[in-house]
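Remarks on the overall topology
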Amino acid sequence: MPDLQQRVDELLASHDPETTPRAIFLGAQYDAGLAWVHFPEGLGGLGLSRGRQTEVDERLEAAGAPRPDFGRNSIGLGMAAPTMVAFGTEEMKQRYLRPLFACTEIWCQLFSEPGAGSDLAAVATRAVPDGEEWVVDGQKVWTSGAHNADFAILVARTDTSVPKHAGLTYFIVDMTDPGIEVRPLRQITGEAEFNEVFLSGVRVHDRHRVGAVGQGWKVATMTLNNERVAIGAGHEREAGQIGLVADRWRRDPAVRTPGTHTELMRWWVETEVTRLAGERLRQGLEAGQPGPQSSAMKLAFAHQAQQVSGFALELAPEEGLAYHDWTMVRPEGGSFLGHGPGFRYLRAKGNSIEGGTSEIMRNIIAERVLGLPPEHRPDKGIPFKDVPR
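Residues numbered from 1 in each chain as written. Predicted model: local features only at pLDDT ≥ 70, side-chain atom pairs only at ≥ 80, totals over all residues. Heavy atoms only, no water.

1. Examining a nonpolar patch on the surface
On the surface, a nonpolar cluster with roughly 250 Å² of combined accessible area is contributed by Met 265, Val 269 and Val 273. In this fold, Val 273 is placed in helix H8 (residues 258–284). (Patch = residues over 30% accessible without salt bridge, like charges linked within 9 Å, V, L, I, M, F, W, Y side chains within 5 Å. Areas by Shrake-Rupley, 256 points an atom, 1.4 Å probe, with all protein chains shown as cover. Salt bridge = Lys/Arg side-chain N within 4 Å of Asp/Glu carboxyl O. Helix = DSSP H or I, 4+ residues; strand = E, 2+ residues; numbered from the N terminus.)

Shown next as structure tokens:
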């Protein structure tokens, strides 16, 4: 087998990074096993250690090669792909992974509901068996990018006679199927990046079930842990909000005072510690899938993003009053850093909700990491149909 660098050389030699269209280049990268090198051979990987992906990405970035569109397909790249490799059938992997990496098919996540946000196990969307199909009815909410999505990962209730965690099943849904309606949810930023999704008599074939019937909570937990790693763990120093503030400090002497210098250094150190902790977490992934520690990364990210975006307005308060546009748009992809400081400050408010609320992250850390006594849960052990709602 050619070594990793040789494979990169061959990819760049056969596909000019400056002229090859993104989808074609990314498809070739997948075929070469360089999409996710830690995935199995034939599925975009080479069965190598996860950390070696950095070697590939650095070479491709230096060559100016097209990169996956994480803004539009973060759900697919960061959540659906690893879940599919762990729990999906061989047919699913062969059908979905390549176009997912090439970003020719965009994914969204049908998890949260109006009555099941922080408590995801309380989802009420039903999937009822009908021969070789399941008939799905219900409502989902806060679905990022549903208006652009081709496919979705869905958690639905398939059994109400067992406790809530035991009665869930995980599916792949074609977002163009009859019975799916996507409505925009306008955010405080003015954009409608999120959506609510109504499912009415949507028919999903059983071959699109991921994992066993009733195994949905286990599959979804893996998806969510990967999501929290993707949200909370930045790879580069000064990535995200702190980088924008540090850059402003360096190029604009007018914002520099002893007080703001102290505040900047405080948040610079905190975000750098979080980045290094994230690097340690990623190194730990070499031994398996992400665990509850990813919740600490997501919690820290949300807190720091909100505080640092607020600090950016303190440096230049007048800039927070100049907003680019309040017209409602449905963006192609989500962005924590788009537009000006006023937008970034407002958008950061969602960081402590999306991907799991900060309150739930604290519960997970307390119970599953620190081993503290769990909260009292009156619905524990009770069949879902008997839980008061």
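Here the narrative resumes.
2. Quick notes on the nonpolar core
Trp 36, Leu 97, Trp 107, Phe 111, Tyr 170 and Ile 172 are the most contacted members of the largest nonpolar core, which totals 37 residues. If you list the elements that add at least two residues to this core, you get helix H2 (22–31), helix H4 (70–87), helix H5 (90–102), strand E4 (151–157), strand E5 (168–174) and helix H6 (216–232). The residues touching Trp 36, leaving out its near neighbours within four places in the chain, are Tyr 30, Leu 43, Gly 44, Gly 45, Leu 46, Gln 53, Leu 77, Ala 81, Leu 97, Leu 100 and Phe 101. Grouped together as the second largest cluster of nonpolar side chains are 18 residues, Ala 146, Ala 149, Leu 154 and Val 202 included. (Core = buried A, V, L, I, M, F, W, Y, C linked by side-chain atoms within 4.5 Å. Buried < 20%, exposed > 50% of the residue type's maximum accessible area, 1.4 Å probe, protein only. Contact = heavy atoms within 4.5 Å.)

3. Overview of the packing of helix H7 (residues 241–251) against helix H9 (residues 293–315)
Contact geometry of H7 with H9 gives a least axis separation of 9 Å together with a crossing angle of 20 degrees. In terms of axis orientation, H7 runs roughly parallel to H9. As for how H7 packs across H9, the hand of that crossing is left-handed. Along its contact with H7, which presents Gln 241, Ile 242 and Val 245, the element H9 presents Ala 305, Val 308, Ser 309, Phe 311, Ala 312 and Leu 315. (Axes fitted to C-alpha atoms, helices over the stretch in contact; angles between N-to-C directions. Parallel < 35°, antiparallel > 145°, perpendicular 65-115°, else oblique. Left-handed = near helix turned anticlockwise from the far one by under 90°.)

4. Some details on the environment of Asn 148
Of note, Asn 148 is situated in the loop between strand E3 (133–140) and E4. Judged by relative accessible area, Asn 148 falls into the buried class, the value being 17%. In the structure, Asn 148 is positioned 24 residues away from Ile 172 in sequence and 16 Å away in space, judged by C-alpha atoms. Those residues in contact with Asn 148 that sit more than four places away from it in its chain are Arg 72, Ile 106, Pro 331 and Glu 332.

5. Observations concerning the pattern of salt bridges
Within the structure shown, the criterion is met by 25 salt bridges. For the salt bridge of Glu 332 with Arg 72, the shortest nitrogen-to-oxygen distance reads 2.9 Å. Of this pair, Glu 332 sits in the loop between H9 and helix H10 (341–348) while Arg 72 sits in helix H4, placing them 260 residues apart in sequence. Accessibility expressed as a relative area gives 46% for Glu 332, which makes it partly exposed. Judged by relative accessible area, which is 27%, Arg 72 ranks as partly exposed. Here Arg 266 ties to Glu 263 by a salt bridge, and the two come within 3.9 Å at their closest N and O atoms. Highlighted residues: Arg 266 and Glu 263, both in helix H8, separated by 3 residues, approximately one helical turn. You can call Arg 266 partly exposed: its relative accessible area is 42%. Since its relative accessible area comes to 26%, Glu 263 is described here as partly exposed.

This is a description of form; function is not addressed.
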